[in-house]
Amino acid sequence: MPNTSGVNKLVLGRPTGVNGAVLFGHFTDTAPVPVPAAEAAWHLIAQLYYGPSGQCTPRRSSGKRIGNSTAGPLRKSISYFPWGPDLFTTLLLAVPSPQVDVDWEMEDTCPWETDLGDPLEPLPPLTWPGRMLTGRFRHAALLVPSPDGRMVTDAYLTWATHEPPHEVHDPFLILDRREDGGFQPRVADGARALWRDLDSLLLKDNRQNALRPPALEHLPRDLLPRLRVRAYGFDQDGQQKDRVWFKATSPQVLQWLEENDAEMAHHIKRCHVAAEETGKRLDFAARVAWKLATDTSADPSPKAKIKLDPKNPGPWAAAALTQYWPTAEAEFWRLTKSGPTTHRVTRAFVDAALAALDEAIGQAGRADIRVARARNRARNLLMALLQPSTPG
């Protein structure tokens, strides 16, 4: 590689290139600022796991010059770990158990412990645990140190392989079923609270259209009442955009694993499903209300069909959901404390949605007859969730 990528390319959040936006610090490629070696190591790890797809610094191998890469193995994903009462316990619990799709009897080496070989050759088989956890990188990186080794002054970031990645269930990811029947990692969303993933962490795989992280299986039963879940996520797109890095820790919920407390695990799912269905209905109802309140051609009669414009949802839906989700979370944890029940689960979330809708529409507009009708139509859409045909 005759050209380096630049230290700014290594450091997440720094602008790169002549047109890079200066958002988190005034850095430019014309005057690169070195990075302390310890900090650069963290950025190196982040690039290898969460690096982007698309154009990269070209690399020549076996006479071929290639200048694009595929996304890192954890790009735009969220990882979940069992979280013990102390660091030692947490570290032990984070060691994943062998999986059926990974060879755990072969000699196991990490990529840096063996000859790197030709990047155009087929990938070596996955072994447990080192190759599974560290052998699926799609990027190659080389840091250039300062003369004293204390700083990183430059970096090479390029592609490592273009071979199809090995099919393996990362031990710390939830896999969601796609429409084609396959599975993909749950996408990280900086606006989504951890409690909304809880049923996917507790229920066995055959109970839902999701596969829970293998790291949450086979945990010591006597420790379960003391265990929580720690999540780390990176809200990104598939290529160059990095939105937000986040982490969250749950209360002591792993005592509710289905193997340990099936009744409570299914109660958790029932509460979550009710919350999600109510949230979707609130979004729809608020959009309908905005349409009726602002479009004079819309039919305000109760049974009239409303054609919504996806490009013009209006402000009420976003405002209502902003109000709804924190209240829904409080209701969710209240319902978990009350124990398994089939009564008034949906009612709790509908009440939260009705209050959020009223807050979004506001008091001032209620004197307007169109707004009043729109609000009433939206409330009826929410109240329909409480009809006997609706479970919960």
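Refer to the preceding data block for the structure.
Nothing here was measured: the structure is a model prediction, and the numbers come from that model.

Rules and cut-offs
- Residues numbered from 1 in each chain as written.
- Predicted model: local features only at pLDDT ≥ 70, side-chain atom pairs only at ≥ 80, totals over all residues.
- Heavy atoms only, no water.
- Helix = DSSP H or I, 4+ residues; strand = E, 2+ residues; numbered from the N terminus.
- Expected span 1.5 Å × (residues − 1).
- Buried < 20%, exposed > 50% of the residue type's maximum accessible area, 1.4 Å probe, protein only.
- Arc of directions from axis to C-beta.
- Contact = heavy atoms within 4.5 Å.
- Polar contact = N/O pair within 3.5 Å; in protein donor to acceptor, adjacent residues only side chain to side chain.
- Core = buried A, V, L, I, M, F, W, Y, C linked by side-chain atoms within 4.5 Å.
- Pairing = 2+ DSSP bridges.
- Phe/Tyr/Trp six-rings, centres within 6.5 Å; stacked < 30°, edge-to-face > 60°.
- Axes fitted to C-alpha atoms, helices over the stretch in contact; angles between N-to-C directions.
- Parallel < 35°, antiparallel > 145°, perpendicular 65-115°, else oblique.
- Left-handed = near helix turned anticlockwise from the far one by under 90°.
- Nonpolar A, V, L, I, M, F, W, Y, C, P; charged D, E, K, R; others polar.

Peer 1: Looking at this structure, how should I read helix H8 (residues 345-361)?
Peer 2: In an α-helix there are 3.6 residues to a turn, and that puts residues three or four apart on one side. Between its first and last C-alpha atoms H8 spans 25 Å; for 17 residues at 1.5 Å apiece the expected length is 24 Å, and the two agree. Of all 17 residues in H8, 13 are buried; the element is thus mostly enclosed. One or two steps after H8, the chain reaches Gly 362, where phi turns positive at roughly 90 degrees.

Peer 1: Can you help me understand helix H9 (residues 369-383) in this one?
Peer 2: Here H9 is 15 residues long and its end C-alpha atoms lie 21 Å apart, about the 21 Å a rise of 1.5 Å per residue gives. For H9, the complete set of buried residues consists of Val 371, Ala 374, Arg 375, Arg 377, Ala 378 and Leu 382. Down the axis of H9, the sector holding all buried residues measures 160 degrees, keeping them to one side. Buried residues along H9 sit in contact with helix H6 (262-294), helix H7 (315-338) and H8. The N-terminus of H9 is capped by Asp 368, whose side-chain oxygen sits 2.8 Å from the backbone nitrogen of Arg 370.

Peer 1: Just to check I follow, could you spell out the nonpolar core for this structure?
Peer 2: Nonpolar side chains tend toward joint burial in soluble globular proteins. In terms of nonpolar packing, the biggest core is built from 64 residues, with Leu 254, Tyr 324 and Phe 349 touching the most fellow members. If you list the elements that add at least two residues to this core, you get strand S4 (78-83), helix H5 (198-202), strand S10 (228-236), H6, H7, H8 and H9. The dominant element in this core, judged by the number of residues it contributes, is H6, at 13 residues. Sequence-distant contacts of Leu 254, that is, excluding residues within four places in its chain, are made with Pro 82, Leu 202, Leu 216, Leu 219, Leu 224, Leu 227, Arg 228 and Val 229. Grouped together as the second largest cluster of nonpolar side chains are eight residues, Val 11, Val 35, Ala 40 and Val 152 included.

Peer 1: Before we go on, may I ask you to explain the pairing of S4 in this structure?
Peer 2: Consecutive side chains of a regular strand alternate in pointing toward one face of the sheet and then the other. For S4, the buried fraction is high: five of the six residues fall into the buried class. With six bridges connecting them, S4 and S10 associate as antiparallel partners. Bridged to Ser 79 within S10 is Tyr 232.

Peer 1: So what exactly am I meant to see when it comes to the packing of aromatic side chains here?
Peer 2: A full pass over the atoms with the stated rule returns 12 aromatic pairs. Pairing Trp 195 with Trp 325 gives two aromatic rings, centres 6.1 Å apart and planes at 55 degrees, and the pair type is tilted. Highlighted residues: Trp 195 in the loop between strand S8 (183-185) and H5 and Trp 325 in helix H7, separated in sequence by 130 residues. Judged by its relative accessible area of 19%, Trp 325 is buried. Seen from their ring centres, Tyr 232 and Trp 245 are 6.1 Å apart, and the 20 degrees between their planes marks the pair as stacked. Of the two residues, Tyr 232 sits in strand S10 while Trp 245 sits in strand S11 (residues 242-249), which places them 13 residues apart along the sequence.

Peer 1: What am I meant to see in the sheet that holds strand S7 (residues 175-177) here?
Peer 2: What links the strands of a sheet is backbone hydrogen bonding, and the strands pair in either a parallel or an antiparallel sense. With respect to topology, three strands assemble into an open sheet ordered S8-S7-S9, the strand pairing being antiparallel. Each edge of the open sheet carries a strand with a single partner, namely S8 and strand S9 (210-211). Pairing of S7 with S9, which is carried by two bridges, proceeds in the antiparallel orientation. Residue Asp 176 lies in a different strand from S9, and its bridge partner there is Ala 210.

Peer 1: In this structure, what is going on with the side chain of Ser 5? I would like to understand it.
Peer 2: Counting through the fold element by element, Ser 5 comes out in the segment before helix H1 (7-10). Separated by 2.6 Å, the side chains of Ser 5 and Thr 57 make a polar contact. A polar atom in the side chain of Ser 5 sits 2.8 Å from the backbone nitrogen of Leu 157. With near-sequence residues (within four places) excluded, Ser 5 lies in contact with Thr 57, Ala 155, Tyr 156 and Leu 157.

Peer 1: When you look at the sheet that holds S11 in this model, what are you seeing that I'm missing?
Peer 2: Across the sheet, which stays open at both edges, the three strands sit in the order S4-S10-S11 with antiparallel pairing between neighbours. Both outer strands of the open sheet, S4 and S11, are each paired with one neighbouring strand and no more. This sheet shows a mean twist of 10 degrees between the axes of neighbouring strands, independent of strand direction. Looking at chain direction, S10 and S11 are connected through seven bridges and run antiparallel. By the bridge assignment for S11, Tyr 232 is matched with Lys 247.

Peer 1: Which parts of the structure should I look at to understand the packing of H6 against H7?
Peer 2: Between two packed helices, both the angle of their axes relative to each other and the distance between the axes serve to describe the pair. Direction vectors running N to C along H6 and H7 enclose 160 degrees, while the axes themselves pass 9 Å from each other. Taken together, the axis directions place H6 and H7 in an arrangement best described as roughly antiparallel. H7 is crossed by H6, and the crossing has right-handed handedness. Its residues assigned to classes, the contact of H6 with H7 shows 18 nonpolar, five polar and three charged.

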